Amino acid sequence: MQVRTRFAPSPTGYMHIGNLRTALYAWLHARRNGGRFILRIEDTDQARLVEDSVRVIYESLRVTGLDHDEGPDKGGPAGPYVQSERRHIYREYAEKLLASGHAYRCFCGKTEKQEEPPQSEDKPREGGEEQSAPILGYDGRCSRLAEAEIKANLDKGLPFVVRQRIDKEGSTSFRDFIYGDITVDNKQLDDQILLKRDGFPTYNFANVVDDHLMGITHVMRGCEYLSSTPKYVLLYKAFGWDYPEHIHLPHILGPSGRKLSKREGSVALSDFLDKGYLPEAILNYIALLGWNPGTEQEYFTIPDLIKTFDVARIGKAPATFDEVKLAWLNGQHIKALPAEKAHGLFARFYPPELSGVDLNRLSSHIQGKVEKPCDIPAMVSFLAGLEGTYSPELFVNKKNKTTREGCLAALGDLKGVLSALPAWDHPSILAALTAYGGEKGLKTGAVMWPLRIALSGRAVTPTGAVEIAELLGREEVLRRLDLGMDKLRSA
RNA sequence: GGCCCCUUCGUCUAGCGGCCUAGGACGCUGCCCUCUCAAGGCAGAGAUCACGGGUUCGAAUCCCGUAGGGGCCGCCA
């Protein structure tokens, strides 16, 4: 049977990194098995619609390369898959359940304001208050309504919701691919709402209907649905449908060990893209959060991932998102980039003051050491100017055995050597410096150190001293050499 | 509160009864190399496998319990 997976995001306005991982796993599983990957927009909550969010979803999938085979913008015999456009379908299936007695109409009104706990309104729910206020302690009374009462209510035009009728006897089990056998007593399962007053289905219903209608073979989603799945299983049974393989995924946690959230830093794909993380590095990293290849390989290209990904190696324990490791992996992917691509990635991070510098060269110099391109401005700022003052103490370096006096002398000599240099390019500069070191019996490090400090004002730079000199140009180099000597003298 | 799930170095993880005096990666520390730092190479610190009981000749691996964490219990998904 052909594997069919789906990604079913709701339009929240941004692509959460946890959702992206779910999409990635579903996509990889489909691609790995020559199956189909379907995109379905779950926009059944009218109150929470966020403008433009469908575009964000498309854009996120486009930039990460998680292409779908069927869905809203691809047409196809089974598309488009936007739940708000499929209301008639859910209504039709709700009618079937109503007819078979697996569901019933509930006419209970919304909660009285006074009944709400006075101060438990910690976080006001986002939108939809009038319609979606829960019925506190719904006791199932409408499930026992007589036929005549229902008819009377209907005739009066009373609004209603459709609820799933769950027999509270016994228990319901299913086998999750990751978590194994899950059994829940039916008395734990409430008569969940299938169709809301506004005629839209809830996730609980639309999801089951669509997954069946779209022939989804493997339902992959976050494990927050694990304990609701028995209710879905009951729905499948009520319809007489086979249920798909369930693959619940462990959560991704934030640094504090709590669910990854905006408060704790970046959670949206766009946040990482803005910082200069490569889509393939992001995918590589999140693939490893909850899954491992069974080998010691950690660096993966997307084709590698397709070849290697296996749902059998997904773990159960939640994983903490670690941006430091993401950054390392990003650095690995940056190193693998062709020079032009790397420069293209870096370009937007160069500050405008660097206009006089050969940025292409700079890019090739730093490609091997950039992990997060957003660090670039700070890395290269010294090239624009030695803003502020650096401490002459920097000239003293134990490892290279440099002293102030020695540096002062070296700087003076270097000024002579460099101003006399016929050509200004990397090999010439390097040759002159090593020759000078040889003459004076100095190790190259002892020559480079004072030069680096004078040119950059810092002990750590993203490129070697010679590269800096070349990039800066002779005039600026000589000027900075003077500045360094001034500092050493006045200190 | 009820129910469900999870628990190996700081973090991601390997491990599916003996190969584990628990392996790899990130990070950290040190050394080497080099035009400094970085990168690269090498080395090291870092986990009594949450805890307590079993089962077994033998348990990180199986069973039970406890604790901690997470999730669900919405006309949200």
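The structure we're discussing is the one just above.
Remember, it's a predicted structure, so these values are computed and weren't measured experimentally. (Residues numbered from 1 in each chain as written. Chains lettered and ligands numbered in written order. Predicted model: local features only at pLDDT ≥ 70, side-chain atom pairs only at ≥ 80, totals over all residues. Heavy atoms only, no water.)

J.: Would you mind going over the overall build of chain A with me for this structure?
T.: Scanning chain A for helices and strands turns up 19 helices and 11 strands. For 491 residues, the compact-globule formula gives about 23 Å, and the C-alpha radius of gyration of chain A, at 32 Å, lies well above that figure. Projecting the C-alpha coordinates of chain A onto the three principal axes gives extents of approximately 105 × 55 × 40 Å. Counting every position in chain A, which comprises 491 residues, the buried fraction comes to 48%. In chain A, the share of contacts with a sequence separation of at least 24, taken over all contacts with a separation of at least 6, comes to 75%. Carbon and sulfur atoms form 51% of the exposed surface of chain A, whose accessible area is close to 23900 Å². One way to put it: in chain A the 63 positive side-chain charges average out to a point 3 Å from where the 65 negative ones average out. (Helix = DSSP H or I, 4+ residues; strand = E, 2+ residues; numbered from the N terminus. Rg over C-alpha atoms; globule rule 2.2 N^0.38 Å. Buried < 20%, exposed > 50% of the residue type's maximum accessible area, 1.4 Å probe, protein only. Contact = heavy atoms within 4.5 Å. Areas by Shrake-Rupley, 256 points an atom, 1.4 Å probe, with all protein chains shown as cover. Lys, Arg positive; Asp, Glu negative; His and termini not counted. Charge placed at Lys NZ, Arg CZ, Asp CG, Glu CD.)

J.: For this particular structure, what's the right way to read helix α15 (residues 404–419)?
T.: In an α-helix, one full turn covers 3.6 residues, which means residues spaced three or four apart are oriented alike. Here α15 is 16 residues long and its end C-alpha atoms lie 22 Å apart, about the 22 Å a rise of 1.5 Å per residue gives. Every buried residue of α15 is listed here: Cys407, Ala410, Leu411, Leu414 and Leu418. Down the axis of α15, the sector holding all buried residues measures 105°, keeping them to one side. Tucked inside the fold, the buried residues of α15 contact α16 (426–440), α17 (444–456) and α19 (474–490). (Expected span 1.5 Å × (residues − 1). Arc of directions from axis to C-beta.)

J.: Honestly, the environment of Ala327 in this entry has me stumped. Any pointers?
T.: With respect to the helices and strands, the residue Ala327 is situated in helix α11 (residues 323–335). Judged by its relative accessible area of 5%, Ala327 is buried. Taking the C-alpha atoms as reference points, Ala327 and Asp271, 56 residues apart in sequence, are found 13 Å from one another. Residues within four places of Ala327 in sequence aside, it is in contact with Tyr277, Glu371 and Lys372.

J.: Honestly, the environment of Ala342 in this entry has me stumped. Any pointers?
T.: Its location among the elements puts Ala342 in helix α12 (residues 339–347). Taking the C-alpha atoms as reference points, Ala342 and Ser363, 21 residues apart in sequence, are found 7.0 Å from one another. Sequence-distant contacts of Ala342, defined by excluding residues within four places in its chain, comprise Leu337 and Gln367.

J.: Sorry, what's going on with the pattern of salt bridges here?
T.: Proximity of charged atoms lets side chains of opposite charge pair with each other. Within the structure shown, the criterion is met by 28 salt bridges. Here Lys231 makes a salt bridge to Asp190, at a shortest N to O gap of 3.6 Å. With Lys231 in helix α7 (residues 229–239) and Asp190 in the loop between β6 (180–185) and β7 (193–195), this pair connects stretches of sequence that are 41 residues apart. Classification of Lys231 as buried rests on a relative accessible area of 11%. Three or more residues joined by partner-sharing salt bridges are found here, namely Arg6, Arg40, Glu42, Arg86, Asp210 and Asp211. (Salt bridge = Lys/Arg side-chain N within 4 Å of Asp/Glu carboxyl O.)

J.: Help me understand the packing of aromatic side chains in this model?
T.: Here the distance between the centres and the angle between the planes together describe a pair of aromatic rings. Taken as a whole and assessed by the stated rule, the structure comprises 16 aromatic pairs. Aromatic side chains Tyr203 and Tyr232 sit 6.3 Å apart centroid to centroid with 70° between the ring planes, which places their arrangement in the edge-to-face category. You can see Tyr203 sitting in helix α6 (residues 203–213) and its partner Tyr232 sitting in helix α7, a full 29 residues away along the chain. Neither Tyr203 nor Tyr232 differs from the other in exposure class; each is buried. These aromatic residues form a ring-pair network of at least three members: Tyr93, Phe205, Tyr236, Phe239, Trp241 and Tyr243. (Phe/Tyr/Trp six-rings, centres within 6.5 Å; stacked < 30°, edge-to-face > 60°.)

J.: Hey, could you run me through the pairing of strand β4 (residues 161–164) in this one?
T.: Along any regular strand the residues' side chains alternate between the sheet's two faces. The two faces of β4 match: Val161 and Arg163 on one face and Val162 and Gln164 on the other face are all buried. Across 4 bridges, strand β3 (residues 103–106) lies against β4 in antiparallel orientation. Looking at the pairing, Ala103 lines up with Gln164 of β4. Pairing analysis gives 2 bridges linking β4 to β7, with the strands arranged antiparallel. (Pairing = 2+ DSSP bridges.)

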